[in-house]
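Chain residues, written in single-letter form:
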Amino acid sequence: MDAATPGNVGPVAARRASTLRDGELGAALHDAASHRKPGREAREREIEDEIADRVIRVVGIDKPDVPGAPGHTKVTPDVAVRILENLGKGEPPFKPELGKGGASWFVVEGNPYTGIEPAKNTPVEVEIAKSAKPVRFAEPELVKLLDEVRQETAGEAEAAFRKRFGLEPTTPLNSKLRKSLARFHDQLAESRMWDQVGQRVRASPDGVGEVVLGEGSRFSRSGAGKFAVVTDASKLRIKGGVEGLLRTMSEQGISAEAPVQQAAEAMARQAKWAGRVRGVFRYGGRILIVVGVAADVWKVYHARDKVKAVVESAGGWAGATAGAAAFAAWFVPADTAGPLAWAAHGVGTLVAGGIGYWAGSSTTRTIYELILEN
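Described in the following lines is the structure provided in the data block. Note that this is a predicted model, so its numbers are computed, not measured. (Residues numbered from 1 in each chain as written. Predicted model: local features only at pLDDT ≥ 70, side-chain atom pairs only at ≥ 80, totals over all residues. Heavy atoms only, no water.)

### Some words on the overall build of the protein chain
(1) Moving on: Scanning the protein chain from terminus to terminus reveals 10 helices and 11 strands.
(2) Moving on: For the protein chain, the proportion of its 374 residues judged to be buried stands at 43%.
(3) Moving on: For the protein chain, the proportion of contacts with a sequence separation of at least 24, taken over those separated by at least 6, is 70%.
(4) Moving on: A total accessible area of about 20,000 Å² is found for the protein chain, and carbon and sulfur atoms account for 56% of it. (Helix = DSSP H or I, 4+ residues; strand = E, 2+ residues; numbered from the N terminus. Buried < 20%, exposed > 50% of the residue type's maximum accessible area, 1.4 Å probe, protein only. Contact = heavy atoms within 4.5 Å. Areas by Shrake-Rupley, 256 points an atom, 1.4 Å probe, with all protein chains shown as cover.)

### A few points about the packing of helix H5 (residues 154-164) against helix H6 (residues 175-202)
(1) Moving on: Two numbers describe how H5 lies on H6: the axes approach to 9 Å, and their chain directions differ by 120°. Judged by the twist between their axes, the crossing of H5 over H6 is right-handed. Contacts between H5 and H6 involve Ala154, Glu156, Ala157, Glu158, Ala160, Phe161 and Arg164 from the former and Leu177, Arg178, Ser180, Leu181, Phe184, His185, Leu188 and Arg192 from the latter.
(2) Moving on: Here the contact of H5 with H6 is composed, by residue class, of eight nonpolar, two polar and five charged. (Axes fitted to C-alpha atoms, helices over the stretch in contact; angles between N-to-C directions. Left-handed = near helix turned anticlockwise from the far one by under 90°. Nonpolar A, V, L, I, M, F, W, Y, C, P; charged D, E, K, R; others polar.)

### Examining the pattern of salt bridges
(1) Moving on: One pass over the structure, following the stated rule, counts 23 salt bridges.
(2) Moving on: Glu125 is the salt-bridge partner of Lys239, the closest N and O atoms lying 3.3 Å from each other. With a gap of 114 residues between them, Lys239 in the loop between strand S7 (236-238) and helix H7 (241-251) and Glu125 in strand S3 (residues 122-128) connect regions that are remote in the sequence.
(3) Moving on: Judged by relative accessible area, which is 33%, Glu125 ranks as partly exposed.
(4) Moving on: In this structure, the salt-bridge partner of Arg136 is Glu210, at a minimum N-O distance of 3.5 Å. Within this pair, whereas Arg136 is found in strand S4 (residues 135-137), its partner Glu210 is found in strand S5 (residues 208-213), the two being separated by 74 residues in sequence.
(5) Moving on: Judged by its relative accessible area of 47%, Arg136 falls in the partly exposed class.
(6) Moving on: Within the structure, one salt-bridge network assembled from shared partners comprises Asp22, Glu50, Arg54 and Arg164. (Salt bridge = Lys/Arg side-chain N within 4 Å of Asp/Glu carboxyl O.)

### Notes on the packing of aromatic side chains
(1) Moving on: What the rule picks out here adds up to eight aromatic pairs.
(2) Moving on: Between the aromatic rings of Phe161 and Phe165, the centroid separation amounts to 5.2 Å while the plane-to-plane angle is 65°, which identifies the pairing as edge-to-face.
(3) Moving on: Assessed through its relative accessible area of 0%, Phe161 is described here as buried.
(4) Moving on: Between Trp194 and Phe227 the ring centres are 5.8 Å apart and the planes differ by 50°, which places this aromatic pair in the tilted class. Of this pair, Trp194 sits in helix H6 while Phe227 sits in strand S6 (residues 225-230), and the two are 33 residues apart along the sequence.
(5) Moving on: Pairwise contacts between aromatic rings join Trp105, Trp194, Phe219 and Phe227 into one cluster. (Phe/Tyr/Trp six-rings, centres within 6.5 Å; stacked < 30°, edge-to-face > 60°.)

In structure tokens form, the structure reads like this:
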């Protein structure tokens, strides 16, 4: 078995290029080039084309998370829950230091598109405090910055390209691979350019900047527009506050399953919490419970649910025992019929026990007991 190949999928030389991992493509290319076999050139082209295709597929890597809607950004459901948690604790909704270049990015005009992950499908509407002197980046400033970064990252880009695709430092790159490397370098340089935009905004007095992209901009595939770059968390508000975000999350179907919500409501009644449970969410292995106390007053509680498998097993065996006992008691009068009846008694008890186990576990698997955390 090939040392670089997990499991029993065979050596890289025998597999289609599309089935190889990034780091295996270099070994496969080296194998093809090292052997004078029929079809060697076709195999080399197959691998080179696969490398080129994979570089193309990652266009947009690490770019700012901005969708095509003014005053919005898009986040993953997990991040939406974390924003809700921040709001419930009275903290700023966003943590710009965790964003691209240490900033949060929001479309404020038009429809500029710079790439966004499909998982980021929850829209969040924001209000941004105005800045008297925002740091401004238009096309000329961005192009100049990109050219500078390209020169600085040439060696780094080739090393990263070779490492990703398993190409040895001494492996010569033909024209097709050089073209793929150039695209890879473009992506790396543009990603670093956006990092520098965020860093320059962070160094500014107001911590607010703007990027203006005109029609036909090389940095936007879907039209002209403007987006804000914010590094000062105090300049950001969620439009509609907790209530607005809860409504958006409800529309997106982001919530814990019904039994967990019922358990949270039971916990609220038992603990005599003031207010009403307005939302229950799972994230990071925990349960987040949002309670509306009064208008614009919210409390956030954390909980965890006990392991369901234990409850299911216990409930299942209890059901099995009850089912078997009930059948045995019902069948006792028929035992006087002899051996056939005795056999039927045994089989029937087993079947009834199985049905009882299924019924018991089906019932108890929806029972959650939440444990409140501090």
